[in-house]
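Breakdown of the fold
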Amino acid sequence: MSARNFLLVLALLPGMALAQAPAKGMDDLLSRIRQDSAASAKLNQEREARFLRDRNAQAEMLQKAEAEYAAVKAKSDAVRARYEANQKQIAELKEQFKTRAGDYTQVAAAVRQAAADFRAHAANSAISAQFPERLEFLDTLTADNAMPVQADIEKLWFTLQQEMTENGRAARFQAEVVDTAGTASKMEVTRVGAFTSFHDGEYLVPQPGSSQLLQLARQPERKFRAMARDFAEAEVRAPILVDPTGGTLLAQEALRPTLMERIHMGGEVGYIIILVGVVGAVLAVWQLVWLLRTDRAVRRQLANVSQPSDDNPLGRVLATFKGNPATVAEDAEVIELRLSEAVLREVPKLERFQAFLRLAVAAGPLLGLIGTVVGMIITFQVITEQGAGDPRLMAEGISQAMIATVLGLGIAVPLLFINSLLAARSRAITQILDEQATGLLAERLEQTRA
């Protein structure tokens, strides 16, 4: 390499500062190199000084961080030591607690079990509607980590004693009642022990798991609701329904169908049976009233047979010959025929509707048998379609069969008795007519012989 090229390389190394105007000569180039070397040396010195300053600052920061780390580590070690000591102390205290507790753990378990059992009972008791706070207390006492103290045990004893005492009392109080629409509101409730609750004649049952009372969607019969109103208004004593199951039997009683619902269960055949029975009953009552009035009129006529009246059968029979001189000379057989004709003319009115009643008496059980057959056909059809696993599916057909049978017998038996009564009354009047007609015939025969 030539001296010229070497000098050029030396000139480029310090920072490429020679990229200025070209040198005029070797002296100028050497001068520039010297200047650049001095500038580079000065820059390097500044850099070294700055580096040394930074290094010292970083060393101070490192030293400070190491000191802080040592302090924190010492503090952490102290905390860890205290934590380990506390854990050891806690373990010792737990062991000491188990040792000292002894039978109290078993007592606490027994209290929690008793509270849990009573909680299940109180959740379905109407008394909880009057004292809802006891459910919260029992929930707290039955918690897994609960350790009852003496006050809790005494309160549990008081709650049990309260349940026994309230079972024998009737009380009025404000309670939250949920109606059939699902709306909850405060109402005055009358409670009879833990058995029956009602408001304004409407029976209530406890809502499971809550202190609210539910209004039955379907209430029992009207007489039982009237009984509840009378009990609520009574000053001393009054009869009332008592449900020891807490509402189950009351709900079952409410599901019992009414008279009209039972009639509807009979179906079309049941309606026909009822129609026949109603028509027969109306005709029978009308005829019975007419027979009673006729019997009184006939007996009044018996007291005065010499003056026959047209308002009764006996008077019309007597009027056949009374006051008719042409009949005196007639033959006895003709007179008997005339009397028989007069009596027979009155018999149809006396025996009116009895044939229809006998027909209704015979048709009632037959119509009931038809309803029974129809109901059994419906039952077998349901068994074929749905199976016999659920008896409630067959209830409709069985109900129709039984109700139709009951309706048929129900109209036959009363109509049979009333028809017998009508027949007896009509025979009594007919016998009076026959007796008086025979007496009249004997009288006419005596007059003819005389």
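Conventions and cut-offs
Residues numbered from 1 in each chain as written. Predicted model: local features only at pLDDT ≥ 70, side-chain atom pairs only at ≥ 80, totals over all residues. Heavy atoms only, no water. Helix = DSSP H or I, 4+ residues; strand = E, 2+ residues; numbered from the N terminus. Contact = heavy atoms within 4.5 Å. Areas by Shrake-Rupley, 256 points an atom, 1.4 Å probe, with all protein chains shown as cover. Buried < 20%, exposed > 50% of the residue type's maximum accessible area, 1.4 Å probe, protein only. Pairing = 2+ DSSP bridges. Axes fitted to C-alpha atoms, helices over the stretch in contact; angles between N-to-C directions. Core = buried A, V, L, I, M, F, W, Y, C linked by side-chain atoms within 4.5 Å. Salt bridge = Lys/Arg side-chain N within 4 Å of Asp/Glu carboxyl O. Polar contact = N/O pair within 3.5 Å; in protein donor to acceptor, adjacent residues only side chain to side chain. Phe/Tyr/Trp six-rings, centres within 6.5 Å; stacked < 30°, edge-to-face > 60°. Lys NZ or Arg CZ within 6 Å of the ring centre and 35° of its normal.

1. Some points on the overall build of the protein chain
- Looking only at helices and strands, the protein chain features 14 helices and five strands.
- In the protein chain, 62% of the contacts between residues at least 6 apart in sequence involve partners at least 24 apart.
- Summed over its atoms, the accessible surface of the protein chain is roughly 28,900 Å², and 59% of this surface lies on carbon and sulfur atoms.

2. Quick look at unusual backbone geometry
- Of note, Asp200 is a non-glycine position whose phi angle comes to about 55°, a positive value.
- With relative accessibility at 57%, the residue Asp200 sits in the exposed group.
- Residues other than glycine seldom take positive phi values, yet Phe353 does so here, at roughly 70°.
- Owing to a relative accessible area of 25%, Phe353 belongs among the partly exposed residues under this scheme.

3. Considerations on the pairing of strand 2 (residues 184–192)
- Bridge analysis of strand 1 (residues 170–178) against strand 2 gives nine bridges, and the strand direction is antiparallel. From the neighbouring strand, Val178 faces strand 2, where its bridge partner is Ala184.
- Relative to strand 3 (residues 196–199), strand 2 runs antiparallel, the two sharing three bridges. Looking across to strand 3, one finds that Thr190 is bridged to Phe198.

4. Structural notes on the pairing of strand 1
- Between strand 1 and the antiparallel strand that follows it, strand 2, lie five residues; Gly182 among them carries a positive phi value of about 90°.
- When strand 1 meets strand 5 (residues 213–215), the two strands line up parallel, connected through two bridges. Bridge pairing in strand 5 links Val177 to Leu213.

5. Comments concerning the sheet that holds strand 1
- The five strands are arranged 1-2-3-4-5 in a closed barrel whose pairing can be described as mixed. Sheet twist, expressed as the mean angle between neighbouring strand axes with direction ignored, is 50°.
- By the bridge criterion, three bridges tie strand 3 to strand 4 (residues 202–206) in an arrangement that is antiparallel. Looking at strand 4, one finds that His199 is bridged to Glu202.

6. A short note on the nonpolar core
- Membership of the largest hydrophobic core comes to 25 residues, with the highest contact counts inside it found for Leu314, Leu339, Val343, Leu415, Leu422 and Leu433.
- Listed by contribution, the elements that provide at least two residues to this core are helix 10 (267–302), helix 11 (313–318), helix 12 (332–350), helix 13 (354–386) and helix 14 (395–449).
- Sorting elements by how many residues they give to this core places helix 14 first, with nine residues.
- If we ignore the near neighbours within four places in the chain, the residues touching Leu433 are Pro313, Leu314, Val317, Val343, Glu346 and Leu350.
- Grouped together as the second largest cluster of nonpolar side chains are 10 residues, Val192, Phe198, Leu216 and Ala228 included.

7. Structural notes on the pattern of salt bridges
- The full count for this structure, using the stated rule, is 10 salt bridges.
- Residue Arg119 pairs with Asp139 through a salt bridge whose shortest N-O separation is 2.7 Å. A residue pair is termed long-range when its members are at least 10 positions apart, and Arg119 in helix 3 (residues 104–122) and Asp139 in helix 5 (residues 133–141) qualify at 20 residues.
- Here the residues in one salt-bridge network are Lys73, Asp77 and Arg80, joined through shared partners.

8. Points about the side chain of Arg191
- Here Arg191 shows up in strand 2.
- Taking the relative accessible area as the measure of exposure, Arg191 reaches 0% and is therefore buried.
- Among the polar contacts made by the side chain of Arg191, one reaches the side chain of Gln130 at a distance of 2.6 Å.
- Within the structure, Arg191 has its side chain in polar contact with the backbone oxygen of Gly193 (distance 2.8 Å).
- The contact partners of Arg191, leaving out residues within four places of it in the chain, are Ala126, Ile127, Gln130, Glu166, Arg169, Ala170, Ala171, Phe173, Thr196 and Ser197.

9. Comments concerning the packing of aromatic side chains
- Inspection of the entire model under this criterion finds three aromatic pairs.
- Both rings, one in Phe198 and one in Tyr203, keep their centres 6.0 Å apart while their planes meet at 65°; by these two values the pair is edge-to-face. With respect to burial, Phe198 and Tyr203 carry one shared label: buried.
- Taken together, a centroid distance of 6.0 Å and an interplanar angle of 80° make the contact between Phe198 and Phe231 edge-to-face. With Phe198 in strand 3 and Phe231 in helix 7 (residues 222–233), this residue pair connects regions lying 33 residues apart in the sequence. Comparing Phe198 with Phe231, the two get one shared label, buried.
- Taken together, the ring pairs connect Phe198, Tyr203 and Phe231 into an aromatic cluster.
- Geometry around Trp290 places Arg352 over its ring, the cationic atom sitting 4.8 Å from the centre.

Remember, this is a structural readout, not a statement about activity or role.
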